[in-house]
Number of protein chains: 2
Amino acid sequence: MVNFFQSIDAVEIFDVAPRDGLQPEPDFIPTSEKIKLIELIADAGCKKIEIASFTHPKWIPQMRDAKAVCNGITRREGVVYNALVPNLRGLELAMECGLDEVVTILSTSESHNKKNLNMSIDDSLREIEKINSVAGKNGVRVRSYIATVFGCPMEGNISREKAIELAMALEGFGSYEISLGDTTGMANPASAHTIPKTIKGKLSKAGLAVHFHKYHGLEFANNFAALQAGITRFDCAVGGLGGCPYAPGAKGNTQTEILVEMFSRMGISTGINLERIYAAGKYGQSLSTLLTQACH
Amino acid sequence: MVNFFQSIDAVEIFDVAPRDGLQPEPDFIPTSEKIKLIELIADAGCKKIEIASFTHPKWIPQMRDAKAVCNGITRREGVVYNALVPNLRGLELAMECGLDEVVTILSTSESHNKKNLNMSIDDSLREIEKINSVAGKNGVRVRSYIATVFGCPMEGNISREKAIELAMALEGFGSYEISLGDTTGMANPASAHTIPKTIKGKLSKAGLAVHFHKYHGLEFANNFAALQAGITRFDCAVGGLGGCPYAPGAKGNTQTEILVEMFSRMGISTGINLERIYAAGKYGQSLSTLLTQACH
């Protein structure tokens, strides 16, 4: 029934502002400010935060202080702090920092995978399999992004089958959660509903999340459509920060505070304090030069 | 079923940018520019456009050139041009300009009605009944807004029963279409679904539309939820222009080009050319000082 969402009374929010959000910012943001952003997000009650990336600084200079950020935050009980790791070396660095969880990424689109990660999809799969293996042996959980699920700026629409194939492979490697990414805001409520619904039906162990980037507000219709498909895990970034440096025309992430507001108005619990998440968003926006440009 | 919207393959777009959109702008926009905006919206294929308001200029100085705008546009076959009329005098002026349709307004909230129209709801009902009577005798159609349906910034949530009562009264007066207004962007997908669904069930002759103002993108989830309730008529404004001068914190209308984009991606026909509606939106935004302020 269209009232399906009424049977969902709680959702999980994964805030990616400190990594996916800040990553494309051209001006280096001081470590102390990254740390402050993370603390504000945790202060607001968010229980899972993407705090850094262990990609080589030559590719993503913004994230070169990943170690200092991981070591500089005050870890709170019950909060999961994770970081993006593109390869085994990244995983090692993340484990040295004592992180309990890491995040991997690959795309449904060969062009985007190549551009973003400098590897073919098959090579990415092999690397992620190794990451899962080593992480598993060390008690570290692995979450896995699939990018360009709802469309690729270079290749257009990618077959649903590719996303299904990758999701099942990642689950097979041991990833506990798969996040379906709309990297450049190409989704619409129909695809935002049916693709997650289809993939959810194919997974048996891993949880499923959605990660919609902005399209001038359309992302909220997409998030709501995904909720109606039974999705209860939502990736977003305070302040609506972000974008992909290697995808033309990419805009920021779904704005956390507005998504939380939406759920709050609907009577769906997020565990997040509205006033504080708005404050975290304002602080995040104050760190950004990209967002200000986007207005004009 | 949650796939209910798949049985809808076409919707109607009512662009209110030239009136609801421009109305709160503090700097007077030249008549020629208002006319150009209207022409661009019609060029894009929009079949119903709110072009002016015959409210007294002392209340809404931006709309003081209503007559010149109505007489200055090139009327296109198959396009409905209408104007807001607060009273019989306004209706007369609209008819002198040869308009085939006028729009009335009242609120579910006494406070907002008083602030916006300087009348009680009952007085508004009486005036609208007269407007319908005179209009009907002159072959002029009447469309009726109900404001603050999804919440009032001064009174909070208004009972659903009030909106139902007003909708049925307006239908009884002869209004051919009722538009449910979310004046200050307080709706959420649950209310955006159930209130229109409930009211649709109570009407027998009049059509039902929705008119969601912005809340940082949440309006798209609201519009989509309304679609799922069977609504096929959507009020919006190119460029996302607008706001209510008498409602604190009010933001603009749903941005037409993004709403049209959403429907287009879903395979739902609007009859509107995307490229041209984006162009109309850009032009509309160039006329605005309010929107630029909103960014900061």
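Residues numbered from 1 in each chain as written. Chains lettered and ligands numbered in written order. Predicted model: local features only at pLDDT ≥ 70, side-chain atom pairs only at ≥ 80, totals over all residues. Heavy atoms only, no water.

Draft legend 1. A look at the nonpolar core. Among the nonpolar cores identified, the biggest contains 190 residues, and Phe234 of chain A together with Phe234 of chain B are the most heavily contacted of them. Filtering out sequence-adjacent residues up to four positions away, Phe234 of chain A remains in contact with Val11, Glu12, Ile13, Phe14, Val210, Asn223, Ala226, Leu227, Leu259 and Phe263 of chain A. (Core = buried A, V, L, I, M, F, W, Y, C linked by side-chain atoms within 4.5 Å. Buried < 20%, exposed > 50% of the residue type's maximum accessible area, 1.4 Å probe, protein only. Contact = heavy atoms within 4.5 Å.)

Draft legend 2. Focus on unusual backbone geometry. Phi at Asn118 of chain A is positive, roughly 60°, even though this residue is not glycine. Positive phi, normally seen in glycine, also occurs at His216 of chain B, with a value near 55°.

Draft legend 3. A look at the pattern of salt bridges. Per the counting criterion, the structure on display carries 28 salt bridges over all chains. With a shortest N-O distance of 3.0 Å, Glu50 of chain A and Arg19 of chain A are connected by a salt bridge. Of this pair, Glu50 of chain A sits in strand S2 (residues 48-53) while Arg19 of chain A is found in helix H1 (residues 17-21), placing the two residues 31 residues apart along the sequence. Take Glu50 of chain A: its relative accessible area is 0%, and that puts it in the buried class. Owing to a relative accessible area of 4%, Arg19 of chain A belongs among the buried residues under this scheme. Note that Glu39 of chain B is salt-bridged to Arg76 of chain B, the shortest N-O span being 3.0 Å. A residue pair is termed long-range when its members are at least 10 positions apart, and Glu39 of chain B in helix H2 (residues 31-43) and Arg76 of chain B in the loop between helix H3 (66-72) and strand S3 (80-84) qualify at 37 residues. Within this structure, Lys48, Arg143, Glu177, Arg233 and Asp235 of chain A form a network of salt bridges that share partners. (Salt bridge = Lys/Arg side-chain N within 4 Å of Asp/Glu carboxyl O. Helix = DSSP H or I, 4+ residues; strand = E, 2+ residues; numbered from the N terminus.)

Draft legend 4. The arrangement of the packing of aromatic side chains in detail. On inspection of all chains with the given rule, the structure shows five aromatic pairs over all chains. For the ring pair Phe150 of chain A and Phe212 of chain A, a centre distance of 5.0 Å and an interplane angle of 45° mean the geometry is tilted. Taken together, the residues span a long stretch of sequence, with Phe150 of chain A in the loop between strand S5 (141-147) and helix H7 (160-173) and Phe212 of chain A in strand S7 (residues 207-212) at a distance of 62 residues. Comparing Phe150 of chain A with Phe212 of chain A shows no difference in burial state: the two are buried. Over the face of the ring belonging to Tyr176 of chain B we find Arg141 of chain B, whose NZ or CZ atom lies 3.7 Å from the ring centre. Across from the ring centre of Tyr215 of chain A, 4.5 Å away, lies the NZ or CZ of Arg265 of chain B, which sits over that ring. (Phe/Tyr/Trp six-rings, centres within 6.5 Å; stacked < 30°, edge-to-face > 60°. Lys NZ or Arg CZ within 6 Å of the ring centre and 35° of its normal.)

Draft legend 5. Broad picture of the packing of helix H9 (residues 218-228) of chain A against helix H9 (residues 218-228) of chain B. The N-to-C vectors of H9 of chain A and H9 of chain B enclose an angle of 50°; their axes lie 6 Å apart at closest approach. In this view, H9 of chain A runs oblique relative to H9 of chain B, as classed from their interaxial angle. The crossing of H9 of chain A and H9 of chain B is right-handed. Across the interface between the two elements, Leu218, Phe220, Ala221, Phe224, Ala225 and Gln228 of chain A of H9 of chain A pack against Leu218, Phe220, Ala221, Phe224, Ala225 and Gln228 of chain B of H9 of chain B. Classifying every residue of the contact of H9 of chain A with H9 of chain B by side-chain character gives ten nonpolar, two polar and no charged. (Axes fitted to C-alpha atoms, helices over the stretch in contact; angles between N-to-C directions. Parallel < 35°, antiparallel > 145°, perpendicular 65-115°, else oblique. Left-handed = near helix turned anticlockwise from the far one by under 90°. Nonpolar A, V, L, I, M, F, W, Y, C, P; charged D, E, K, R; others polar.)

Draft legend 6. View of the side chain of Thr55 of chain B. Residues and elements named next belong to chain B. Mapping Thr55 onto the fold places it in the loop between strand S2 (48-53) and H3. Taking relative accessible area as the criterion, Thr55 reaches 16% and is therefore assigned buried. A distance of 2.8 Å separates the side chain of Thr55 from the side chain of Ser53, its partner in a polar contact. (Polar contact = N/O pair within 3.5 Å; in protein donor to acceptor, adjacent residues only side chain to side chain.)

Draft legend 7. Quick look at the pairing of strand S5 (residues 141-147) of chain B. Residue and element names in this part refer to chain B. The buried fraction of S5 is high, at six of seven residues. Note that strand S4 (residues 101-107) and S5 share seven bridges and pair parallel. Counted as the bridge partner of Ser107 is Ala147 from S5. Pairing of S5 with strand S6 (residues 177-182), which is carried by four bridges, proceeds in the parallel orientation. Bridged to Ser144 within S6 is Ile178. The parallel pair S5 and S6, bridged by helix H7 (residues 160-173), forms a crossover whose chirality is right-handed. (Pairing = 2+ DSSP bridges. Right-handed = clockwise from strand over helix to strand, strands pointing away.)

Draft legend 8. Seen up close, helix H4 (residues 88-96) of chain A. Residues and elements named next belong to chain A. Taken as a whole, H4 has its buried residues at Gly90, Leu91 and Ala94. For H4, the angular spread of buried residues about the axis comes to 100°, placing them on one side. If you follow the buried residues of H4, they end up packed against strand S4 (101-107) and helix H6 (121-137). Once H4 ends, the next one or two residues include Gly98, with phi positive near 80°. (Arc of directions from axis to C-beta.)

Draft legend 9. Main features of the packing of helix H10 (residues 256-266) of chain A against helix H11 (residues 274-286) of chain A. Residue and element names in this part refer to chain A. With their axes 9 Å apart at the nearest point, H10 and H11 run at an angle of 160° to one another. Here H11 runs roughly antiparallel to H10, going by the angle between their axes. The handedness of the crossing between H10 and H11 comes out as left-handed. Listed contacts from H11 to Thr256, Glu257, Ile258, Val260, Glu261 and Ser264 of H10 are Leu274, Ile277, Tyr278 and Gly281.

Draft legend 10. Main features of the environment of Ala206 of chain A. All names here are of chain A. On the secondary structure map, Ala206 appears in the loop between helix H8 (189-202) and S7. For Ala206, a relative accessible area of 12% corresponds to the buried category. Sequence separation between Ala206 and Tyr176 is 30 residues; the distance between their C-alpha atoms is 4.6 Å.

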